[in-house]
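One letter stands for each residue in the lines below.
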Number of protein chains: 2
Amino acid sequence: MNTATSETVLTDGDVAELGQQLRVDAVRAAAAAGSGHPTSSMSAADLVAVLLARHLRYAFDQPEHPGNDHLIFSKGHASPLLYAAYTAAGAITEEELLTTYRKLGSRLEGHPTPKLPWVDVATGSLGQGLPIGVGVALAGKRLDHLPYRTWVLCGDSELAEGSVWEAFEQAGTEGLDNLTVIIDVNRLGQRGPTRHGWDLDAYARRIRAFGWHTVPIDGHDIDAVDEAMTAARTTRGAPTAIIARTRKGKGVAAVEDREGMHGKPVPDPDEAVRELGGVRHIRIEVGRPPAAERSAHGGDPTAALPVYDLGDKVATRAAFGEALTVTGTRREDVVVLDGEVGDSTKAEVFAKEHPERYIECYIAEQQLIGTAVGVGVCGWQPYAGTFAAFLTRAHDFLRMAAISRSDLNVFGSHAGVSIGEDGPSQMALEDIAMMRALHGSTVLYPCDANQTAKLVPAMADRAGITYLRTTRGDTPVIYGPDEKFPIGGSRVLRSGPDDQVTLIGAGVTVHQALAAADRLAEEGIRARVIDLYSVKPVDAATLRQAAEATGRFVTVEDHHPEGGLADAVLESFGNGHPMPLLTRLAVHSVPGSATPDEQLHAAGIDAAAIAAAARALVGR
Amino acid sequence: MNTATSETVLTDGDVAELGQQLRVDAVRAAAAAGSGHPTSSMSAADLVAVLLARHLRYAFDQPEHPGNDHLIFSKGHASPLLYAAYTAAGAITEEELLTTYRKLGSRLEGHPTPKLPWVDVATGSLGQGLPIGVGVALAGKRLDHLPYRTWVLCGDSELAEGSVWEAFEQAGTEGLDNLTVIIDVNRLGQRGPTRHGWDLDAYARRIRAFGWHTVPIDGHDIDAVDEAMTAARTTRGAPTAIIARTRKGKGVAAVEDREGMHGKPVPDPDEAVRELGGVRHIRIEVGRPPAAERSAHGGDPTAALPVYDLGDKVATRAAFGEALTVTGTRREDVVVLDGEVGDSTKAEVFAKEHPERYIECYIAEQQLIGTAVGVGVCGWQPYAGTFAAFLTRAHDFLRMAAISRSDLNVFGSHAGVSIGEDGPSQMALEDIAMMRALHGSTVLYPCDANQTAKLVPAMADRAGITYLRTTRGDTPVIYGPDEKFPIGGSRVLRSGPDDQVTLIGAGVTVHQALAAADRLAEEGIRARVIDLYSVKPVDAATLRQAAEATGRFVTVEDHHPEGGLADAVLESFGNGHPMPLLTRLAVHSVPGSATPDEQLHAAGIDAAAIAAAARALVGR
C-alpha cells in the first residue's frame, strides 16, 4: 500500500501500518534533529492514524476551507507525530520532515506554531489546547453554524491543569457535541508516573461529572479507537472524551513504558526503526470537508459612537461599554467575552444589544482568553475582559496567544488604587507591565470618555494583542467628540515655549497632572502636560521633543513602579537620544482600603505629589 | 443570652440568633462604610455561626498557637461576615467594626488581609483560598503532624476557576481529611445567576469524582449544618465538601435572592436590621485549640555548598539543584515544591536527599504556588518552581502572595531564547517583567554555578517573594567558590580608569558581554562589564558610577525589551541622577527553533551584537 484514499476501505491492518509509519517518522525526525519528544509521539500514533485515515475531514490544500475540521495538538511536544501525520497526508515532504525539524528558520518547530498553515494556535504550554478548542467548537456551533468537528489531542499529565477543567465545564454545559478530546494516557509524565497512572476510570469519572460523554479504550486497538471516534461523531448534546490507555514509546523495547525517556531521541534510532518494521511511505488522502460557507459579517459602519459633553464626569469603563456596543453594530464579526463581571466592566451593555455575540465565560479567566483565541481562529474579532487585576490569571494564555499571533482585544477595568475601598486584591497594579512585555502587544489607557470611545473600535483594526485599561470612577470629559486619538500618539494638553518641566500621565493620572500644572502655574512654574494614552507603542517623537524643550520629566502612574508608564517613556530614549532628568511617581506600597482620593494621595500620585516632584526637579 | 462558651450547650435557636447577629452586623458595617458585600455575607451567616459556636477551635488571643484551626474566607468579599464573626468572638470590638471598616488606615479592609492577626492570607481574587487551604492542611498532616483543621469558605461562582479544581485534585489524592470546604451556594454571582444555580448535585458529582466526601445540605438549617461539620471532622481518608444551598441576602426581603444586589449596602439598613430582629450583642467563646507544638526545625548549618572549578561549564540550574539540597540540609524548614519538571529544574536533586520535604504538585502551577503559600503560613520556608515561562500561569497567585506579604522563594528554569530548539512556548521572555512588578519582590539571575550556589540559601533569609532565574545550558564558571554575592549587589568584571562604554548583562548574557569586551579591547575600545545578578533590588551606586565614568550603556538581556534588565538599570537614574546614553539589546521577535548560539545571534543579544552596539555608541 502506497496511497490510500478515503474512498478506499482501509483495513485495520492498513491503519496499524500507518500508525507504525508515524512512529518511525517521529523517531527519525527527532534523531535527525538531535532533540524532541518521540516517545510522547509513539504513544498517540495509533490514535492519530485512525483519526487521519477514517475520521478527520480536512483539505490540506485549502487550510482556510470553512468546513475543515480543526485538529489541535494540546500536547504540543508530540510535534514529531503531528509532522509525521502531515507527511502521511502529503502536506509536507519527508525531506522537509527529516532535514528541517527543529532547525533554524524551519516552520517545523519544536512545538507547533501557526507558521504552518494547518496549525490553528501555538501549543507547548500544556493545558491550553482544550480551552482554545472549546472556543473553536463554540464558534462552529453557536456563531457560524458550520459542520466541522474540533479534535484536541491531550496528554494525561496536562489534566492536572485547572484550565483543562475550566474547558470541560464550559464545553459540557454548552453541550458542544462537535468537540472531541482524545486523551493519550501513557501513564508517564516528564518526571515520572502521573498522578493517576493507567486508572482510566479516574479520568472518566471526573470528566463525566462535567457533563461529557466518556469512552475509555485501549489506544492501541485500532478497532476500539475507530469505534470511539465514530461514537464521538454521532453523540448528540455532549462533547466526547476518548480516554485511551497507551504506552509511551510504544513499539520500541528500549523506551517503551520506561521512565527517563521523555523529551529525547530514542537511544538507537536505526534499531528502533527496524523494530518498528522499517521505513514506510504510505500516503493517505484525508477525507474532504463538506461544502460550507463562513458567515458573511455585515454591520452598519455608519453607526455613531457615543459622544460625551466636555466637563461631564463619566467613567471610562462606561464609555467603553457604550462604544463596544456600537463597535458591535458597525462590525458583526465582533464577539464579546465576559468573566462574569460584565456589570462592572460594562461589557454587559453589549450583551443587551447583541446577545447572540456575547459569551459568558464565568469566573474562569484562562478559559475566557482561551475561548477568545478560539473564536478568533474562526475569523471572529474577540473582545475579552474582566477586572484588569484578574487578567493576570490568564497571563500564560496571553503569552501563548502572542506566540500564535492571535488578533485579540483585551479589556481590563478597575485599574489601580483609584478604585478606592475594595482594596489591593481588586486593584490592577501590575497589568501594564504584563501587557507591555507580550510580544507585539498594544497598550491603551484612556483618560476620558470621548477618547475611550475612539479607541475601542480602533482596537479591532490592530494586529496582535491590544489591551485597553479602564478606570472605575468617573473622570471629567476633557476632549471634544471630534478629536482623533491614533494608536501610537499622545496629546500635549499644556505647553508653551518656555516650559520647565513635563508632567506625563495616562488615565486617571492625567487629571492629577493637569491639576498639578495649574498649581505650578500659580507659582510661576511652567509645566508641559502629556496624556500618554498609547502606552505601547509610545509616541517617542513627542516625548523627545519635550525632553529637549524641558529637560525634566515627572511621570505619574496608577501602577507599581516597574514595567509601567515610566519605563514606557524611557524606551523613547535609547540609541543615542539623551535622557531627561526623571522623577517617577508610582504606587510603591501595598494599598489598603480608602476613598479614591485618599488612595491617590496615600500612594503619592495625586496633584500635590506631582507638583512637589516638579518643584524639586526645577530647584524650587 | 449575652455570652455563650463552648462549655455551654448552645441550642439550635441560640446559634440561629448568632446567625442573625452576623447578618445584622454585616448590614450595619457595610452601611456605615457606604460599600461592601452584605448580601454575600448574609447567605453564609448560618454556616459561619455554626462553625464559630460549635466546631472551630481557635485561640483569638494566641493567633500563633500551633493547634489553632485555620479559617480561610476564599470568598473574601464576604469580609463583613468575617469581621462580624471576629466581633462575636470578642477579637474586635463592635466599635472597630462599625467605625473603621473600609476606611483609610483600617485593618478591616474591603477584602481580608493578614494585617489582621487571624487572617492567614489575603483573599479577594476568587479561587485562591482553597488552593492555599490545601497547602495549610498538607503542612498539618504531612509536615507538622498537628491536630488543627483547615476550614475554607468558598462561594459558588468561584468554582468556575480551574485553580479550585487543581486544589480538589491535590487534596483528594493526598487524602487531606483535615480539610473542609464549605461552599455557599447562593445561586447568584456578581452579574447574575451562576452556571449551576441551586443544583447542589452538579457540584457534588464533580467534587466527589475528585475523591472528596460531599455533604449537600440546606445552609440555613442549623441542625443540618452542624451534622455536616461533625461529619467533616470525623471523616477519615478524604477531605469533605459541605455544599450548602443558601439564599443571598437571606433574611431581608428587599435583597433576598434578588439579582443586582451584589456588592453594595442594602437599600434601607435600618429596616433590614429591624427585619432581622434588631441588634444583638452575643459574644461566643470559641473552642480552644488542643495543646500542640510546632516542629522544631533543626539542620546542619555547617553543610557545605557545592563548589565548582573555574573554567568548568555547568548549568546554573544544576548548581541550583545542588545548592538547594544543601540549603535543605542546613535548614530543616525548607520545603521544595515541583510542577512535575523537577528533572529539568533540578529540584529533583533535593527530592532524593529530603523526600519528606518534597511536594510534587504535578502540572498545576497555580496550585504549586498556592501550596507553597499555604505551607509558608505554617512557618515552613517554601521553594517552588517550574520552567520560568510557566510561572506566568501563577501570576495572580504571586500577586496575591505579595499582598499577603508571603515569604516565598520561587525558581524558574529554562529562561530565554538560550534554551534553543524547543521554541518560544518553553522560553521565559516575560518573567522578569512579571516578577519585578510584584510588590516587595527580589529578582536574581545568576550567570555561573558558584554565584548560583551562594544565592540559593540567601533567598530564604529574604522577606517577600524572591525569584531566581536559571539557565538551561552550561555556562563557564567565572567566579571562585569563596566570592560573595550580596542581594542588591553587582559585579564589575572588567573596568579601567578610561572606560568608554559599560556593557551590562545578567545570566547568560554576562558571558556574551565578556566576549564582546574582549573583541572591543582588540579594537582599542575599553568596555566596562557589569554582571547585574541582582536585578531587583538593583545596585544603583555601581550603575551610577559607571554612568559617570563612561556615559554610555549597552544593556543586554535574554528577555523581551519591556520590564526587564534595561528597565531595572534605568530605575537607578530617577530623581536627579543624569541618565547615560543607552542602547538596549533584548529579544524583539518571537523566536523559532534553533541551537542556543543561533538563537542568541538571531535575537541580537550575542557578543557580536553587543560589540556592534558599543562601537556605535562610542562613534566607531
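Bear in mind the structure is a predicted one, so any value in this text is a computation, not a measurement. (Residues numbered from 1 in each chain as written. Chains lettered and ligands numbered in written order. Predicted model: local features only at pLDDT ≥ 70, side-chain atom pairs only at ≥ 80, totals over all residues. Heavy atoms only, no water.)

Caption draft 1: Representation of the environment of A:Met261. Residues and elements named next belong to chain A. Position of Met261 among the secondary structure elements: in the loop between β6 (240-245) and α10 (269-275). Assessed through its relative accessible area of 21%, Met261 is described here as partly exposed. The sequence separation of Met261 and Pro578 amounts to 317 residues, and the corresponding C-alpha distance is 54 Å. Here Met261 is in contact with Thr39, Ala254 and Val255, once residues within four sequence places are set aside. (Helix = DSSP H or I, 4+ residues; strand = E, 2+ residues; numbered from the N terminus. Buried < 20%, exposed > 50% of the residue type's maximum accessible area, 1.4 Å probe, protein only. Contact = heavy atoms within 4.5 Å.)

Caption draft 2: A look at the pattern of salt bridges. Scanning the model with the defined rule gives 77 salt bridges over all chains in all. B:Arg191 is paired through a salt bridge with A:Glu348; the nearest N and O atoms lie 3.5 Å apart. Taken together, the residues span two chains, with B:Arg191 in the loop between β4 (179-185) and α8 (200-209) and A:Glu348 in helix α13 (residues 348-353). Given a relative accessible area of 25%, B:Arg191 falls into the partly exposed group. The shortest N-O distance in the salt bridge between B:Asp498 and B:Arg526 comes to 3.2 Å. You can see B:Asp498 sitting in the loop between β16 (491-494) and β17 (501-505) and its partner B:Arg526 sitting in the loop between α18 (508-522) and β18 (527-531), a full 28 residues away along the chain. By sharing partners, the salt bridges in this structure join A:Arg191, B:Asp338, B:Glu348, B:Lys352 and B:Glu360 into a single network. (Salt bridge = Lys/Arg side-chain N within 4 Å of Asp/Glu carboxyl O.)

Caption draft 3: Up close: the interface of chain A and chain B. On the chain B side, the residues contacting the 107 residues of chain A number 107 residues. Across the interface of chain A and chain B, roughly 8600 Å² is buried in total on both sides, 50% from carbon and sulfur atoms. Of all residues in chain A, A:Arg191, A:Arg195 and A:Arg393 give up the largest surface area on contact with chain B, accounting jointly for 11% of the area buried on that side. Summed over the shared surface of chain A and chain B, the result is 17 salt bridges. In this structure, B:Lys536 engages A:Glu562 in a salt bridge whose closest nitrogen and oxygen atoms are separated by 3.3 Å. Between chain A and chain B we count 57 residue pairs in polar contact (both at pLDDT 80 or more) in total. A class-by-class count of the residues in the side of chain A that touches chain B yields 37 nonpolar, 39 polar and 31 charged. (Buried area = accessible area lost by both parts, 1.4 Å probe. Polar contact = N/O pair within 3.5 Å; in protein donor to acceptor, adjacent residues only side chain to side chain. Nonpolar A, V, L, I, M, F, W, Y, C, P; charged D, E, K, R; others polar.)

Caption draft 4: How the structure looks around the environment of B:Ala433. Summarising the element assignment, B:Ala433 is placed in helix α16 (residues 431-436). Sequence separation between B:Ala433 and B:Phe168 is 265 residues, and the spatial gap between their C-alpha atoms is 31 Å. Once you skip the residues sitting within four places of it in the chain, B:Ala433 turns out to touch A:Ala433, A:Ala437, B:His559, B:Glu562 and B:Gly563.

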